[in-house]
Amino acid sequence: MSVDKVDEVRTVVADGGIGISIVVPVYNEKESLPELMSGIAEVLNTHVPNYEVVLVDDGSNDGSFDVIRSLYSQYKGRVKAIRFSRNCGKSAALNAGIAQAGGEVIVTMDADLQDDPVAIPEMMAKLNEGWDVVSGWKKVRHDPLGKTFPSKVWNAMTSAAAGLKLHDFNCGFKAYRRTAAKNLDIYGERHRYLPAMAHWDGCRVTEIVVPHHARKFGKSKYGTWRMFNGAMDMITLLFLKHYMKSPMHFFGIMGMLMIGIGVGILGYFGVQWAIYGEMRIRPLTILAIGSMVMGVQFMSIGLIGEMITNSQQSRRQYSIREKLE
């Protein structure tokens, strides 16, 4: 890395207490952790010595937290650790890790050694250009076709829906300015859409090509339902983008439309009854009544949604068993 690039990296974090926080969700990755920590230390000790690594054990059952304890002792003052009491998912792990991060820049990466820490300085330099989020793009991937092809389709769909052109939304290797990361509301399965969420929040988002390595230890957590889950998450997020603050705007319109259809049909039959003096129960009459009932239900859902939206109750997605700070 050139001297100019190193100076750019230092400029990004010059005024902060902790320069960079590396947030790493961990689920059954005990073999990978020592090598990962060694790689992070090798890169950051050279370029940005003032850093911390936040390891979030997402309910591992292979002894990963025992390794984390060892790393905590080995890298005194560098490592923070959180251990969930059960497996809560990647979004919850990222949420907890970002909440604990104290750096001016927050980098997220996976624990499976497929993300290479050597790309971190380039991400920092990109942030220094004025971007708020730098997302990694695994242009050359060392994954099976059953994982890469659905990913390409899903990324194309997400780019169109989000209004943000990125090649690899789901890459876990990303760098954020502190304010951009702390403002993200991460829960459920939202980790797939963090660049889109940041973009909708007014952040400047870009991407850079990052190295990608084949998995050395363990097995992938990729499941066959991932594509389906991603599509459902996209629909949810688009709904939340447009109607999260005013759910009544969606459900109210639907309710009024259904009620209007029902009233229109019954009004037509009412006029017939007034003119001809007879009224028969027809399938269309039942449809009209059902439409009005559904309309009332949509209106009720909208009101309940407004009540939930305006409540101040916190959303807790995980329970922490142990912390090392």
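Further up the page is the structure itself.
Residues numbered from 1 in each chain as written. Predicted model: local features only at pLDDT ≥ 70, side-chain atom pairs only at ≥ 80, totals over all residues. Heavy atoms only, no water.

By the element assignment, Ser32 lies in the loop between β1 (18–26) and α2 (33–47). For Ser32, a relative accessible area of 0% puts it in the buried group. Sequence separation of Ser32 and Gln114 is 82 residues, and the distance between their C-alpha atoms is 9.9 Å. With sequence-adjacent residues up to four places away left out, Ser32 is seen in contact with Ala111, Asp112, Leu113 and Phe217. (Helix = DSSP H or I, 4+ residues; strand = E, 2+ residues; numbered from the N terminus. Buried < 20%, exposed > 50% of the residue type's maximum accessible area, 1.4 Å probe, protein only. Contact = heavy atoms within 4.5 Å.)

Phi angles above zero are rare outside glycine, and Asn28 is one such case at about 55°. Its location among the elements puts Asn28 in the loop between β1 and α2. The exposure class assigned to Asn28 is buried, which follows from its relative accessible area of 18%. Positive phi outside glycine occurs at Leu113, with the angle close to 70°.

Next up on the list: α2. Compared with the 21 Å implied by 1.5 Å per residue over 15 residues, the 21 Å span of α2 between its first and last C-alpha is a close match. Taken residue by residue, α2 has Leu33, Leu36, Met37, Gly39, Ile40, Ala41, Val43, Leu44 and His47 as its buried positions. (Expected span 1.5 Å × (residues − 1).)

All chains considered together, the criterion is met by four salt bridges. As a salt-bridge pair, Lys90 and Asp110 come within 2.9 Å of each other at their nearest N and O atoms. Within this pair, whereas Lys90 is found in helix α4 (residues 90–100), its partner Asp110 is found in the loop between β4 (103–108) and α5 (120–128), the two being separated by 20 residues in sequence. For Lys126, the salt bridge goes to Glu129, with nearest N and O atoms at 3.4 Å. Taking the relative accessible area as the measure of exposure, Lys126 reaches 22% and is therefore partly exposed. For Glu129, a relative accessible area of 48% puts it in the partly exposed group. (Salt bridge = Lys/Arg side-chain N within 4 Å of Asp/Glu carboxyl O.)

Within this structure, the stated rule accounts for three aromatic pairs. Here Phe250 and Phe251 contribute two aromatic rings whose centre-to-centre distance is 5.1 Å and whose plane-to-plane angle is 85°, an arrangement assigned as edge-to-face. Judged by relative accessible area, Phe250 falls into the partly exposed class, the value being 29%. Put simply, the rings of Phe250, Phe251 and Phe298 pair up and form one aromatic cluster. Across the ring face of Tyr51, the terminal group of Arg78 is positioned such that the distance to the ring centre comes to 4.2 Å. (Phe/Tyr/Trp six-rings, centres within 6.5 Å; stacked < 30°, edge-to-face > 60°. Lys NZ or Arg CZ within 6 Å of the ring centre and 35° of its normal.)

In this section: the nonpolar core. Of all hydrophobic cores here, the largest spans 40 residues; its most connected members are Ile22, Val24, Val107 and Phe173. Elements with a minimum of two residues in this core: β1, α2, β2 (51–57), α3 (64–74), β3 (79–84), β4 and α5. Looking at this core element by element, the count peaks at seven residues for α2. In contact with Ile22, other than residues within four places in its own chain, are Ile40, Leu44, Glu52, Val53, Val54, Val107, Met109 and Ile120. (Core = buried A, V, L, I, M, F, W, Y, C linked by side-chain atoms within 4.5 Å.)

Let's shift gears to the packing of α2 against α3. Contact geometry for α2 and α3: axes closest at 10 Å, N-to-C directions at 35°. As α2 packs across α3, the resulting crossing turns out to be right-handed. On the side of α2, the interface is formed by Leu33, Pro34 and Met37, while α3 contributes Ser64, Val67, Ile68 and Leu71. For the contact of α2 with α3, a count of residues per class yields six nonpolar, one polar and no charged. (Axes fitted to C-alpha atoms, helices over the stretch in contact; angles between N-to-C directions. Left-handed = near helix turned anticlockwise from the far one by under 90°. Nonpolar A, V, L, I, M, F, W, Y, C, P; charged D, E, K, R; others polar.)

The next thing to look at is the environment of Gln114. Examined against the element boundaries, Gln114 turns out to sit in the loop between β4 and α5. Residue Gln114 is classed as buried on the basis of its relative accessible area, which comes to 6%. Sequence separation between Gln114 and Phe173 is 59 residues, and the spatial gap between their C-alpha atoms is 9.6 Å.

Attention shifts here to a nonpolar patch on the surface. A cluster of nonpolar side chains, namely Val271, Ile275 and Tyr276, defines an oily patch on the protein surface of about 350 Å² accessible area. On the accessibility criterion, Ile275 (57% relative accessible area) is exposed. (Patch = residues over 30% accessible without salt bridge, like charges linked within 9 Å, V, L, I, M, F, W, Y side chains within 5 Å. Areas by Shrake-Rupley, 256 points an atom, 1.4 Å probe, with all protein chains shown as cover.)

What follows concerns the pairing of strand β7 (residues 205–209). Judged by how many residues are buried, β7 sits mostly within the fold: four of five residues are covered. For strand β5 (residues 133–137) and β7, the ladder comprises five bridges, and the chain directions are parallel. When the bridges of β7 are listed, Gly136 appears paired with Ile208. (Pairing = 2+ DSSP bridges.)

Shape descriptors only; they carry no functional weight alone.
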